[in-house]
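Structural characterization, general
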Amino acid sequence: MKALICEAYGPIDSLVLKDIPSPEPGPKQVLIEVKSAAVNFPDALMVQGLYQVKPPLPFAPGAEIAGVVKVVGAEVKHFKAGDKVIALTSTGGFAEFCVADAMRTMPLPEGMDFDTGAALVLTYATSLHGLKDCGNLKAGETLVVLGAAGGVGIAAIEIGKAMGARVIAAASSDDKLTLCKKVGADETVNYATENLKDRINELTGGKGADVVYDPVGGPYTEPAIRALAWRGRLLVVGFAAGDIPKIPLNLALLKERSIVGVYWGDSTRHDPAGHLANLKQLNDWFAAGVIKPVVSQRYPLAEARTAIADIAARKVKGKIVVVP
Ligand SMILES: NC(=O)c1ccc[n+]([C@@H]2O[C@H](COP(=O)([O-])OP(=O)(O)OC[C@H]3O[C@@H](n4cnc5c(N)ncnc54)[C@H](OP(=O)(O)O)[C@@H]3O)[C@@H](O)[C@H]2O)c1
């Protein structure tokens, strides 16, 4: 089968498309024919050796897929060949076939296409976990989403609205902010041309935001904290801008603000029941038309390397998928 292979941690353009033997599922695994594999920012970090998880080399990147079960392991009882599924794979998704743990595989919901299935879980489950479990976001509160036109950003806008918040989307171009409005943002801030802190204060009548969802880091985190209200919460989701900000802690003291880490992957292991409840909530919201991943571009497997380079280069809106 064909797969995009990382042979050594390094630049994205060192990834190679190769013919390799199809993987074989273990007793608790399934073999899936990949129909669509979502591209996520961590894929770009992982192949460069910059992510907190460093898979043994060589490996194919690709953490979430949708496809059709081809073979089930001896101990797998709840899937059969031919089932349409979504799977969280950590790696291996940018390939024609991929093995997944049966415990991290779920049926593709009725009426959902493969691209939407591939693009749904990682970003939406991260944003729901962040806003609900870590941020305790309440109806009527004001939520600011940084990097709002990206994968977890769009999900945070839609979920914030579903939870009853007023949502202010912040991104680096008017084009990206138009998409944020389209998916439900109430207000926008272009942080490339406007002062982030001043604009949030202006939009909140000087009170500040209740929750900031921050997958970007770099120069945006500190002004966003300074624009948090009394007992506001900063959700630390990621550092797409590259730099991990160093924050003066007096900013937490002054308004009893909280700085809260969000690590969805590990949270699913610490709280599997909460994770399942969140997946059910996402499924219900999808069925009701409340959330809908924006898949802005599809790349053939031969161009998967370009897809990863595009997400690293800040070129992507919503989600992109690789279609083997
Ligand atoms: N904590 C968790 O559990 C968890 C789970 C999933 C993802 N993450 C993290 O969340 C972050 C975003 O992931 P994603 O999949 O949403 O990525 P994405 O779709 O690429 O969105 C990231 C956004 O960051 C902004 N950005 C600012 N500076 C950038 C730069 N130098 N390079 C690239 N982007 C830049 C871009 O928006 P503008 O151009 O508008 O600024 C971009 O839309 C990543 O750091 C990822 O590792 C964390």
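These numbers were taken from a predicted model, which means no experiment stands behind them.

**Brief notes about the pairing of strand β4 (residues 64-72)**
Here strand β3 (residues 29-39) runs beside β4; their pairing, made up of eight bridges, is antiparallel. Bridge assignment links Ile32 to a residue of β4, and that residue is Val69. In this structure, β4 lies alongside strand β5 (residues 84-88), joined through five bridges in antiparallel fashion. What sits directly across from Val68, in β5, is Lys84.

**Description of the site of the ligand**
Looking at the ligand, there are 25 residues lining it, with Ser172, Lys176, Tyr191, Val262 and Arg314 nearest. Here an oxygen atom of the ligand sits 2.8 Å away from a polar atom, N or O, in the main chain of Gly151. The backbone of Val152 places a nitrogen or oxygen atom 2.9 Å from an oxygen atom of the ligand. Notes on the ligand: free accessible area 910 Å², of which the protein chains cover 91%. Of all the elements in the fold, those that place two or more residues in the shell around the ligand are α1 (41-47), α2 (114-134), α3 (151-162) and α10 (304-312). When its residues are assigned to classes, the shell around the ligand shows 17 nonpolar, six polar and two charged. Here the shell around the ligand spans two domains, and each of domain 1 (2-108 + 294-323) and domain 2 (122-265) adds at least three residues to it.

**Examining the sheet that holds strand β13 (residues 258-261)**
The six strands are arranged β10-β9-β8-β11-β12-β13 in an open sheet whose pairing can be described as parallel. At either end of the open sheet lies a strand with only one pairing partner, and these are β10 (187-190) and β13. Taken over all neighbouring pairs, the strand axes of this sheet differ in orientation by 20° on average, direction set aside. The pairing of strand β8 (residues 142-145) with strand β9 (residues 166-171) spans four bridges and is classified as parallel. Its bridge partner lying in β9, Val144 is registered against Ile168. Where α2 meets the sheet, its contacts fall on β8, β11 (209-214), β12 (228-236) and β13, and the angle it forms with β11 comes to roughly 145°.

**Digging into the packing of α2 against helix α9 (residues 272-287)**
Relative to each other, α2 and α9 sit at 120°, their axes nearing to 10 Å. α9 is crossed by α2, and the crossing has right-handed handedness. Only Asn278, Leu279, Gln281, Leu282, Trp285 and Phe286 of α9 make contact with α2, whose side of the interface consists of Thr116, Val121, Tyr124, Ala125, Leu128, His129, Lys132 and Asp133.

**Overview of the domain arrangement of the protein**
Per the domain assignment, the segments making up the protein are domain 1 (2-108 + 294-323) and domain 2 (122-265). The C-alpha-based centres of domain 1 and domain 2 are spaced at 29 Å. With 13 residues of domain 1 at the interface, the matching set in domain 2 holds 16 residues. In this assembly, domain 1 packs against domain 2 so that about 1100 Å² is buried in total across both faces, 58% of it on carbon and sulfur atoms. In terms of surface lost to domain 2, no three residues of domain 1 exceed Val294, Arg314 and Lys317, which account for 43% of the buried area on that side. Inspection of the region where domain 1 meets domain 2 yields one salt bridge.

**Points about the environment of Lys2**
With respect to the helices, strands and loops of the structure, Lys2 is situated in strand β1 (residues 2-5). Between the C-alpha atoms of Lys2 and Tyr51, which are 49 residues apart in sequence, the distance is 25 Å. Those residues in contact with Lys2 that sit more than four places away from it in its chain are Leu17, Lys18, Asp19, Ala95, Glu96 and Leu301. A polar side-chain atom of Lys2 sits 3.4 Å from a polar atom in the side chain of Asp19.

**Brief notes about the pattern of salt bridges**
Enumeration over the complete set of coordinates arrives at 21 salt bridges. Residues Glu141 and Arg233 are paired through a salt bridge, measuring 2.8 Å at the closest nitrogen-oxygen approach. Within this pair, whereas Glu141 is found in the loop between α2 and β8, its partner Arg233 is found in strand β12, the two being separated by 92 residues in sequence. Its salt-bridge partner being Asp175, residue Lys317 comes within 2.9 Å of it at the nearest N-O pair. Taken together, the positions of Lys317 in the loop between α10 and β15 (319-323) and Asp175 in helix α4 (residues 174-182) put the pair 142 residues apart, joining distant regions of the chain. Several salt bridges converge on common partners, so that one network encompasses Glu33, Lys35 and Lys70.

**Some words on the packing of aromatic side chains**
Applying the stated criterion across every chain, the model contains two aromatic pairs. Aromatic side chains Tyr9 and Phe59 sit 6.3 Å apart centroid to centroid with 50° between the ring planes, which places their arrangement in the tilted category. With Tyr9 in the loop between β1 and β2 (16-19) and Phe59 in the loop between α1 and β4, the pair connects residues that are 50 residues apart, well separated along the chain. Looking at Phe59, the relative accessible area reads 6%, which means it is buried. For the pair Tyr191 and Tyr220, a centre-to-centre distance of 3.9 Å together with 25° between the ring planes defines the contact as stacked. With a gap of 29 residues between them, Tyr191 in the loop between β10 and α5 (196-203) and Tyr220 in the loop between β11 and α6 (221-226) connect regions that are remote in the sequence. According to the relative accessible area criterion, Tyr220 is buried, its value standing at 14%.

The rules we used
Residues numbered from 1 in each chain as written. Predicted model: local features only at pLDDT ≥ 70, side-chain atom pairs only at ≥ 80, totals over all residues. Heavy atoms only, no water. Pairing = 2+ DSSP bridges. Helix = DSSP H or I, 4+ residues; strand = E, 2+ residues; numbered from the N terminus. Near = heavy atom within 4 Å. Polar contact = N/O pair within 3.5 Å; in protein donor to acceptor, adjacent residues only side chain to side chain. Areas by Shrake-Rupley, 256 points an atom, 1.4 Å probe, with all protein chains shown as cover. Nonpolar A, V, L, I, M, F, W, Y, C, P; charged D, E, K, R; others polar. Domains from an automatic or database assignment. Axes fitted to C-alpha atoms, helices over the stretch in contact; angles between N-to-C directions. Contact = heavy atoms within 4.5 Å. Left-handed = near helix turned anticlockwise from the far one by under 90°. Buried area = accessible area lost by both parts, 1.4 Å probe. Salt bridge = Lys/Arg side-chain N within 4 Å of Asp/Glu carboxyl O. Phe/Tyr/Trp six-rings, centres within 6.5 Å; stacked < 30°, edge-to-face > 60°. Buried < 20%, exposed > 50% of the residue type's maximum accessible area, 1.4 Å probe, protein only.

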